[in-house]
Amino acid sequence: MAYPYVSDHEVRILSKHFGDPMQRRVDTYVERGGYGALKKAFEMGPEKIIDEVKASGLRGRGGAGFPTGVKWSFMPKGTGKPHYLLCNADESEPGTFKDRELMRWDPHQLIEGCLIGAYAIGAQHVYIYCRGEFFETNQVLARAVEDAYARGYIGKDIMGSGVDLDLTVHQGAGAYICGEETGLMNSLEGRRGQPRVKPPFPAAVGAFGMPSTINNVETLCTVPHIVANGGAWYRQWGTEKSPGTKLFCVSGHVNRPGNYELPLGFPLQKLIDDVCGGMRGGNALKAVIPGGSSVPIINAEEVSRCTLDYEGCVAVGTMLGCASVIVMDETTDVVKQVRRMVDFYAHESCGQCTPCREGSAWTARILRRIEEGRGTEEDLDTLMDTTQQMVGTTICVLSDSVAAPVQSSINKFRDEYLALIRRGERVGAA
Amino acid sequence: MSETPFRNPGWAGNTGEFDLTEEQVRGEDFVGDRPAHGGHASGAGAMPYMLAEKNPDVALFEGEYQERFEKILTRYPTKQAALLPALGLAQEIRGYVSPDSMDRVAELLDLSPAYVRGVATFYTMYNKRPVGRHLVQVCTNISCNLNGADEVVEAFLRYTDTELGETSEDGHFTVIEAECLAACGFPTCVQINSRYFENVTPDQVPQICERLKSEGK
Ligand SMILES: Cc1cc2nc3c(=O)[nH]c(=O)nc-3n(C[C@H](O)[C@H](O)[C@H](O)COP(=O)(O)O)c2cc1C
Ligand code: SF4
Ligand code: FES
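This is a predicted model, so every value here is computed, not measured.

Considering unusual backbone geometry
Thinking step 1. That bond from Pro199 of chain A to Pro200 of chain A is cis: its omega, 0°, falls within 30 degrees of zero.
Thinking step 2. Backbone torsion omega between Pro187 of chain B and Thr188 of chain B reads -10°, so that peptide bond is classified as cis.
Thinking step 3. For Thr188 of chain B, the location among the structural elements is in the loop between strand 2 (173–178) and strand 3 (190–192).
Thinking step 4. Unusually for a residue other than glycine, Tyr35 of chain A sits at a positive phi of about 65°.
Thinking step 5. For Asp161 of chain B, which is not glycine, the phi torsion reads 55° and is therefore positive.

Put into structure tokens, the structure is as follows:
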């Protein structure tokens, strides 16, 4: 049987070998064409690689969707300083589970992408900052790195190109905020993983004070395919502004949750109905969070209009984020789930900024009060007001992430809050 | 509403193990008399540090561990960057990061003990006090919660007869809630020491616990 589930709608580029443990073996990877793109990259030279990645329109898969080629071109040249490429493998946004799968099923794909990226930006050393909880993934990755060193794909004079590159797997120690790019840099340097004030931006002053670029696992996994096949090839999927394919992590109340690689612009309703086999037990759809817990929640009507590309999500008032589609059916207690998400942010706030540290804790407390039937209608105004003060006032956007679920759920599911406040029947008990 | 939490029937369950041996997967060249912690220094910091057998009094960084510690140092441009991996190593050896361990790490890396404490307390994976032989971390974040994670927590607490964060009387289990473990499509996800258990339902809890106990670790 294939990887948990596959669908005919999928275009499996990154996820082609999911479910096949042999893909971890360096020799199998090479037999299947692996490290061919790296060889080609050395022939192309850094500038052409960056041009090709720009031409593909690849946008960062870590959440913000910033064009990868453009980001790479920010790196200074001829500084004489060491440069670093950091791979963000700290995957911890609730609802997201793609990077772990990419690393444990196909570690060499990521290594190849890292090496190409490092060569393109003039870095000598790559650090893969892998989430600490991923013991198995860390081991798979560490072993793959070791094998690649042994075969001469990492190290000195790679494949006779004269290029030297090093790569280290760095295991995190448990903190969501280390996924934020400058938090990750601080953590790598042996500090608390607290985000830094920007500017200076990482391309100027990054890890160890040196020019650095940071990319998500999925972004870097896509790079070898673009280098091998060209930017135009990649544009045959997706939309004009959001080209290519993307892994969608679907969780919650669908019949077949899992990772599906689909062209960007795929209709959300079709993802739920056709790809994921519909709602469990034939229940009605209540709400969806399409991009991980940090983006606004949408209701069933908005779901029917939403296409899964960066612009399509914005059009219905939400964001694609890291494409973590959390599906909730009619039995869902929205207030409880929002409270659970806010608890998460309150726990993970690094504590540097007052609006975030105090705001997230108070928001969680008020939500719990409402959930327990001790809330008032004014609490809803307080929640809107408090979370509004958390937007755009802090060092990083974790604070804004609290506002997204709270404000959108109060706007769209006010009745459920009111029902609890008026000590009515609790809606569902999921 | 639904009494039995929803399950994803297409997944193998415990994905911490594969059916193939390491030899089959990696090829014969790469399996042999390698040290348990792997060969190349690039992976030195990436080994599990929540081992079942823990000895809080054993010396830090001697022999094999000394080698690993030195390998870690070679991978970073600064000594300070070795702090997280070094604390991880200390926890692997002693089972938790005691004040004494932190002082020793500070000394080795030319940092102040207060600084090391400040960093160690920022991260959730460093146990600041001893835990049971099996640290059970149940994800109760949104995707797992939608599929009945709260009941899984309860089932663990009932079976082990403890309270959240406490260690069971036989020293086997410490049960805590965890944030999203990045396995949301396979709820409920439970991390026990370094292993992931996916699609866990409350009725499987006794079986899982029995198995862990019988493994004798
Ligand atoms: C609080 C917070 C957490 C984040 N967590 C992650 C993460 O776990 N993984 C990730 O790739 N990006 C994460 N990001 C986004 C990164 O800061 C960064 O934008 C991304 O790694 C850039 O890579 P990309 O250009 O390839 O998308 C997070 C951002 C914030 C503000
Ligand atoms: S917004 Fe929150 S998490 Fe981000 S730097 Fe400020 S306190 Fe830390
Ligand atoms: S919500 Fe439980 S693993 Fe992500």
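A look at the site of ligand 1
Residue and element names in this part refer to chain A.
Thinking step 1. Residues in contact with ligand 1 amount to 18 residues; listed here are only the nearest, Gly62, Lys71, Asn88, Asn216 and Thr219.
Thinking step 2. Between ligand 1 and the protein, one listed contact pairs an oxygen atom with a backbone N or O atom of Arg61 at 3.3 Å.
Thinking step 3. Summarising the interface, the protein chains cover 89% of the accessible area of ligand 1, which totals 610 Å² for the free molecule.
Thinking step 4. The dominant element in the shell around ligand 1, judged by the number of residues it contributes, is strand 4 (residues 212–216), at 3 residues.
Thinking step 5. Class assignment of the residues belonging to the shell around ligand 1 gives a composition of 4 nonpolar, 8 polar and 6 charged.

With respect to the nonpolar core
Thinking step 1. Grouped together as the largest cluster of nonpolar side chains are 76 residues, with contacts concentrated most on Leu86 and Ile370 of chain A together with Phe61, Leu87 and Tyr123 of chain B.
Thinking step 2. Those residues within four positions of Phe61 of chain B in sequence are excluded, and the remaining contacts are Gln66, Phe69, Ala86, Leu89, Ala90, Ile93, Val105 and Leu108 of chain B.
Thinking step 3. In terms of nonpolar packing, the next biggest core, distinct from the first, is built from 75 residues, Ala37 and Ala118 of chain A together with Cys180 and Cys184 of chain B among them.

So, the environment of Asn215 of chain A
Residue and element names in this part refer to chain A.
Thinking step 1. Topologically, Asn215 is positioned in strand 4.
Thinking step 2. The exposure class assigned to Asn215 is buried, which follows from its relative accessible area of 3%.
Thinking step 3. At 2.8 Å, the side chain of Asn215 forms a polar contact with the side chain of Trp72.

As for the domain arrangement of chain A
Residues and elements named next belong to chain A.
Thinking step 1. As assigned here, chain A comprises domain 1 (21–234), domain 2 (245–329) and domain 3 (334–423).
Thinking step 2. Measuring from the centre of the C-alpha atoms in domain 1 to the corresponding centre in domain 2 gives 28 Å.
Thinking step 3. Of the roughly 1,300 Å² buried between domain 1 and domain 2 on both sides combined, carbon and sulfur atoms contribute 53%.
Thinking step 4. If you sort the residues of domain 1 by the area they bury against domain 2, Arg61, Glu93 and Phe97 come out on top, with a joint share of 35%.
Thinking step 5. Taken together, the links from domain 1 to domain 2 amount to 2 salt bridges.
Thinking step 6. Between the two partners, domain 1 and domain 2, sit 12 residue pairs in polar contact (both at pLDDT 80 or more).
Thinking step 7. Class assignment of the residues belonging to the side of domain 1 that touches domain 2 gives a composition of 5 nonpolar, 5 polar and 6 charged.

About the criteria used
Residues numbered from 1 in each chain as written. Chains lettered and ligands numbered in written order. Predicted model: local features only at pLDDT ≥ 70, side-chain atom pairs only at ≥ 80, totals over all residues. Heavy atoms only, no water. Helix = DSSP H or I, 4+ residues; strand = E, 2+ residues; numbered from the N terminus. Near = heavy atom within 4 Å. Polar contact = N/O pair within 3.5 Å; in protein donor to acceptor, adjacent residues only side chain to side chain. Areas by Shrake-Rupley, 256 points an atom, 1.4 Å probe, with all protein chains shown as cover. Nonpolar A, V, L, I, M, F, W, Y, C, P; charged D, E, K, R; others polar. Core = buried A, V, L, I, M, F, W, Y, C linked by side-chain atoms within 4.5 Å. Buried < 20%, exposed > 50% of the residue type's maximum accessible area, 1.4 Å probe, protein only. Contact = heavy atoms within 4.5 Å. Domains from an automatic or database assignment. Buried area = accessible area lost by both parts, 1.4 Å probe. Salt bridge = Lys/Arg side-chain N within 4 Å of Asp/Glu carboxyl O.

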